[in-house]
Amino acid sequence: MPALRIENLKKSYGNVPVLKGINLAVENGDVVAVIGRSGSGKSTMLRCINGLEPFQEGTIEVVGHKLDQSRANLRELRKEVGMVFQSYNLFPHLSVAENITLAPRVVKGLPRDEGSALVREVLSRVGLAEKADAYPDELSGGQQQRVAIARSLAMKPKVMLFDEVTSALDPELTGEVLKTIAQLAEAGMTMVLVTHEMGFARRVATRTVFMHQGTVWEEGKSEEIFTHPKTPELKNFIAPDLK
């Protein structure tokens, strides 16, 4: 069974269709990069997967939890799916450790005496083991984003979603965050990343999906997608990165 299966996903805002029948399967251990122009539906699809956006037609199944228009399995699905956004969304009045342990305590009933070990574990994975007692405003943007990744990892997700997580960062800080994501990929985490980082998609993603006008226009192995685009739309989109 795929870790993620999307069938005939359709989403509109009023009379404006945004997703026009998306079909996509992500296998366990896959790293799937989702690329495309602004307005192509990339982030909307990601938000539908995590139940942040309702949709009008189709089904989404993530690690055995099926999500449809009823949204009945939303709570159970979110226990299995981590999501990291462009904005870090850290609570400024809580320390890094408190930000990380809040959801595991509230949602999964994590005992307080197990919190310290969990914090050490996930901060070590993102290279910030020494920052447990810091507050968000004491960290750089790249460090805050890595804490946001650690916070998602603390829930022990089976699938991670990343929505343009580097778009608000300068190049040096972008490199920090992409290195962290690449390490997660090497460790076998199943991930779907909406990104404008074409070089990263080509190098790290096992597969790349090109979205255009609310559809999956092309998809395939990343190297193949970037080396031999089949449609003029994809060729034009990645042309600057081929030079």
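For the structure itself, consult the block above.
Every value quoted in this text rests on a predicted model; they were computed, and no experiment measured them.

Visitor: Got a minute to help me understand the pattern of salt bridges in this structure?
Guide: Side-chain pairing between opposite charges can occur once the charged atoms of the two side chains come close. Going through the model one piece at a time under the given rule, you end up with 10 salt bridges. A salt bridge links Glu-76 to Lys-79, with the shortest nitrogen-to-oxygen separation between them at 3.4 Å. Residue Glu-76 and its partner Lys-79 are located together in helix 2 (residues 74–80), separated by 3 residues, close to a single helical turn. Residues joined in a network through salt bridges with shared partners are Lys-11, Arg-47 and Glu-53.

Visitor: Can you help me understand the nonpolar core in this one?
Guide: Soluble, globular proteins show a tendency: their nonpolar side chains are buried together. Counting residues in hydrophobic clusters, the biggest one holds 50 residues, and the most contacted among them are Leu-123, Ile-149, Phe-162, Ile-181 and Met-191. Broken down by element, the residue count for this core peaks at 7 residues, all from helix 6 (residues 171–186). Each residue touching Leu-123, except ones within four places of it in the same chain, is listed here: Val-96, Ile-100, Leu-128, Ala-129, Lys-131, Ala-132 and Ala-150. Formed by 30 residues, the second largest nonpolar core is a distinct cluster that contains Met-45, Ile-60, Leu-67 and Met-211.

Visitor: Where do I start with helix 1 (residues 42–49) in this structure?
Guide: Judged by how many residues are buried, helix 1 sits mostly within the fold: 6 of 8 residues are covered. Burial in helix 1 covers these residues: Lys-42, Thr-44, Met-45, Leu-46, Cys-48 and Ile-49. Gly-51 occupies a position one or two residues after helix 1 and carries a positive phi of about 75°.

Visitor: Before we go on, may I ask you to explain the sheet that holds strand 4 (residues 57–62) in this structure?
Guide: Sheets are built from strands that pair by backbone hydrogen bonding, the pairs being arranged parallel or antiparallel. Read across the sheet, 4 strands follow the order 2-1-4-5 without closing on themselves; strand pairing throughout is antiparallel. On the outer flanks of this sheet lie strand 2 (16–26) and strand 5 (65–67), each paired with one strand and no other. When the angles between neighbouring strand axes are averaged without regard to direction, this sheet yields 20°. Across 5 bridges, strand 1 (residues 4–13) lies against strand 4 in antiparallel orientation.

Visitor: Would you explain the pairing of strand 2 in this entry?
Guide: The side chains of a regular strand alternate, residue by residue, between the two faces of the sheet. Pairing of strand 1 with strand 2 involves 8 bridges; the strand directions are antiparallel. Looking across to strand 2, one finds that Leu-9 is bridged to Ile-22. In this antiparallel pair of consecutive strands, strand 1 and strand 2, the connection spans 2 residues, and Gly-14 shows a positive phi of 65°.

Visitor: Where do I start with helix 6 in this structure?
Guide: Every α-helix winds through 3.6 residues per turn, so residues three or four apart in the chain are directed the same way. For helix 6, which comprises 16 residues, the first-to-last C-alpha distance of 22 Å matches the rise-based estimate of 22 Å (1.5 Å per residue) to within 8%. Taken together, the buried positions of helix 6 are occupied by Leu-173, Thr-174, Val-177, Leu-178, Thr-180, Ile-181, Ala-182, Leu-184 and Ala-185. Buried residues along helix 6 sit in contact with strand 3 (31–35), helix 4 (112–125), helix 5 (141–153), strand 7 (159–163), strand 8 (190–194) and helix 7 (198–204). Just downstream of helix 6, Gly-188 is the residue with a positive phi angle, here 95°.

Visitor: Please explain the side chain of His-212 as it appears in this structure.
Guide: Mapped onto the elements of the fold, His-212 is located in strand 9 (residues 207–212). Not counting the four nearest positions on each side in its chain, His-212 is found in contact with Ser-40, Trp-217 and Glu-233.

Reading the values: rules and limits
- Residues numbered from 1 in each chain as written.
- Predicted model: local features only at pLDDT ≥ 70, side-chain atom pairs only at ≥ 80, totals over all residues.
- Heavy atoms only, no water.
- Salt bridge = Lys/Arg side-chain N within 4 Å of Asp/Glu carboxyl O.
- Helix = DSSP H or I, 4+ residues; strand = E, 2+ residues; numbered from the N terminus.
- Core = buried A, V, L, I, M, F, W, Y, C linked by side-chain atoms within 4.5 Å.
- Buried < 20%, exposed > 50% of the residue type's maximum accessible area, 1.4 Å probe, protein only.
- Contact = heavy atoms within 4.5 Å.
- Pairing = 2+ DSSP bridges.
- Axes fitted to C-alpha atoms, helices over the stretch in contact; angles between N-to-C directions.
- Expected span 1.5 Å × (residues − 1).

Read these as geometric descriptors, not functional statements.
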